[in-house]
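Commentary on secondary and tertiary structure
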Amino acid sequence: MENAYLVQIEQFEGPLDLLLHLIKKNEVDIYNIPIAAITKQYLEYMELLKELNLDIAGEFLVMAATLLQIKSRMLLPVERDDDEAEVEDPRAELVRRLLEYQRYRDASSELVVRNLLGRDVFARKFPSPELAEMEPEEEPADVELFDLIEAFRKILSRVSVDTFHSVGADGISIADRISQVLSILHEAKTVCFDSLFTDGMTRDLLVVTFLSILELCKLKLIKIVQVESLGSIWLTAAATDDDVDTAGLAGEDPELEGAFAG
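Since the structure is predicted, the reported quantities are computational estimates derived from the model, not experimental observations. (Residues numbered from 1 in each chain as written. Predicted model: local features only at pLDDT ≥ 70, side-chain atom pairs only at ≥ 80, totals over all residues. Heavy atoms only, no water.)

Describing the overall build of the protein chain
- A count of helices and strands for the protein chain gives 10 helices and 8 strands.
- The long-range fraction of contacts in the protein chain, counting pairs at least 24 apart against all pairs at least 6 apart in sequence, stands at 76%.
- As presented, the protein chain carries roughly 15,500 Å² of accessible surface, and 50% of it is formed by carbon and sulfur atoms. (Helix = DSSP H or I, 4+ residues; strand = E, 2+ residues; numbered from the N terminus. Contact = heavy atoms within 4.5 Å. Areas by Shrake-Rupley, 256 points an atom, 1.4 Å probe, with all protein chains shown as cover.)

Structural notes on the pattern of salt bridges
- Evaluated as defined, the whole model comprises 11 salt bridges.
- Of the charged contacts, one joins Glu44 and Arg153 as a salt bridge, the two residues approaching to 3.8 Å between their closest N and O atoms. Of this pair, Glu44 sits in helix α2 (residues 35-51) while Arg153 sits in helix α6 (residues 145-157), placing them 109 residues apart in sequence.
- Classification of Glu44 by relative accessible area gives partly exposed; the value is 34%.
- Since its relative accessible area comes to 22%, Arg153 is described here as partly exposed.
- With its nearest N and O atoms 3.1 Å apart, the salt bridge here joins Arg153 to Glu150. In this pair, Arg153 and Glu150 are both assigned in helix α6, 3 residues apart and thus about one turn of the helix distant. (Salt bridge = Lys/Arg side-chain N within 4 Å of Asp/Glu carboxyl O. Buried < 20%, exposed > 50% of the residue type's maximum accessible area, 1.4 Å probe, protein only.)

Structural notes on the side chain of His21
- Mapped onto the elements, His21 comes out in helix α1 (residues 15-26).
- What makes His21 buried here is its relative accessible area of 5%.
- Among the polar contacts made by the side chain of His21, one reaches the side chain of Tyr45 at a distance of 3.2 Å.
- Residue contacts for His21: discarding those within four places in its chain leaves Tyr45, Phe146, Asp147 and Glu150. (Polar contact = N/O pair within 3.5 Å; in protein donor to acceptor, adjacent residues only side chain to side chain.)

Description of the pairing of strand β6 (residues 222-226)
- Here β6 lies mainly inside the structure; 4 of its 5 residues are buried.
- As paired strands, β6 and strand β7 (residues 233-237) are joined by 5 bridges and run antiparallel to one another. Pairing of Val225 across the sheet is with Trp234, part of β7. (Pairing = 2+ DSSP bridges.)

What to know about helix α8 (residues 203-218)
- Counted at 1.5 Å a residue, the expected span for α8 with its 16 residues is 22 Å, and the 23 Å between its end C-alpha atoms agrees.
- For α8, a buried count of 12 out of 16 residues is recorded, marking the element as mostly surrounded by other parts of the structure.
- Residues Arg203, Leu206, Val207, Val208, Thr209, Phe210, Leu211, Ser212, Ile213, Leu214, Glu215 and Leu216 constitute the buried set of α8.
- Among the residues trailing α8, Lys220 stands out with phi positive, at a value near 60 degrees. (Expected span 1.5 Å × (residues − 1).)

Remarks on the packing of α1 against α2
- At a closest axis distance of 10 Å, the pairing of α1 and α2 adopts a crossing angle of 125 degrees. One finds that α1 runs oblique with respect to α2. Crossing of α1 over α2 shows right-handed handedness. Residues Pro15, Leu18, Leu19, His21, Leu22, Ile23, Lys25 and Asn26 of α1 pack against Ile38, Gln41, Tyr42 and Tyr45 of α2. (Axes fitted to C-alpha atoms, helices over the stretch in contact; angles between N-to-C directions. Parallel < 35°, antiparallel > 145°, perpendicular 65-115°, else oblique. Left-handed = near helix turned anticlockwise from the far one by under 90°.)

Considering the nonpolar core
- One finds Tyr42 and Phe193 to be the most contacted residues of the largest nonpolar core, which totals 62 residues.
- Sequence-distant contacts of Tyr42, that is, excluding residues within four places in its chain, are made with Pro15, Leu18, Leu19, Leu22, Phe60, Met63, Ala64 and Leu67. (Core = buried A, V, L, I, M, F, W, Y, C linked by side-chain atoms within 4.5 Å.)

Re the environment of Gly14
- If you trace the backbone, Gly14 turns up in the loop between β1 (7-8) and α1.
- Counting along the chain gives 43 residues from Gly14 to Ala57, while the straight-line C-alpha distance between them is 8.2 Å.
- Among all residues touching Gly14, those that are not within four sequence positions of it are Glu59, Phe60 and Phe146.

Observations concerning the packing of aromatic side chains
- Summed over the entire model, instances satisfying the criterion amount to 7 aromatic pairs.
- Seen in terms of ring centroids, Tyr101 and Tyr104 are 6.3 Å apart; in terms of plane orientation they differ by 35 degrees. Their pairing is tilted. Taken together, the residues Tyr101 and Tyr104, both in helix α4 (residues 92-116) and 3 residues apart, mark about one turn of the helix.
- Overall, the relative accessible area of 22% leaves Tyr101 in the partly exposed class.
- Relative to Phe210, the ring of Phe193 lies with its centre 6.5 Å away and its plane at 85 degrees, an arrangement referred to as edge-to-face. (Phe/Tyr/Trp six-rings, centres within 6.5 Å; stacked < 30°, edge-to-face > 60°.)

Laid out in structure tokens, this is it:
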């Protein structure tokens, strides 16, 4: 797309979050990371982030180099004398960083929950059938960025290659698509993530739709939740129409007006 619209990905999550996501997704032991497989998937995510015109922070590139270095070290034969101390696992420092970061992230989440105590908290009603079936004591979990990217990657994998270079009659900017998504949420209240990507959409329009969702998250205009791990992802408006000036979005951010699909 011309005038590529960039989402600052570091405003969402960092490379350690991506690694924790991959470890969780592959259901592997954090103390025994299959470095070759995780490195391959990490690099695939990096390619997708570039393809989506997401502005990748330098620390993502540093982590990619670190993973490749660890992979190379693990391929080398280990030579040591019997009197020498045991050679440290090349993954040890990475595992230490992941565990430390995971503790920090869990503690931060707990503090956020504690800050809500004593306030008047009103649960949002979710009219969708899947969310309605939840037990009263259950709360839908917020969706992490890389869970969202994984869901979008599955959508892209179902798109015919023929649509990659299709050109629509009318272009649509991210600002326009944001307005459309908010209009859908105004009518339906809660929308399944997959339903925003309909059959027949060009690849560029799929990308613009996804970037629109990311922008709405950044602006805190929508909330994205998931009932269960790997289950359907749902979007719901986080603000009333009176709080949102969709017409002024493009004026506030010229990049929104400059990115088009079609």
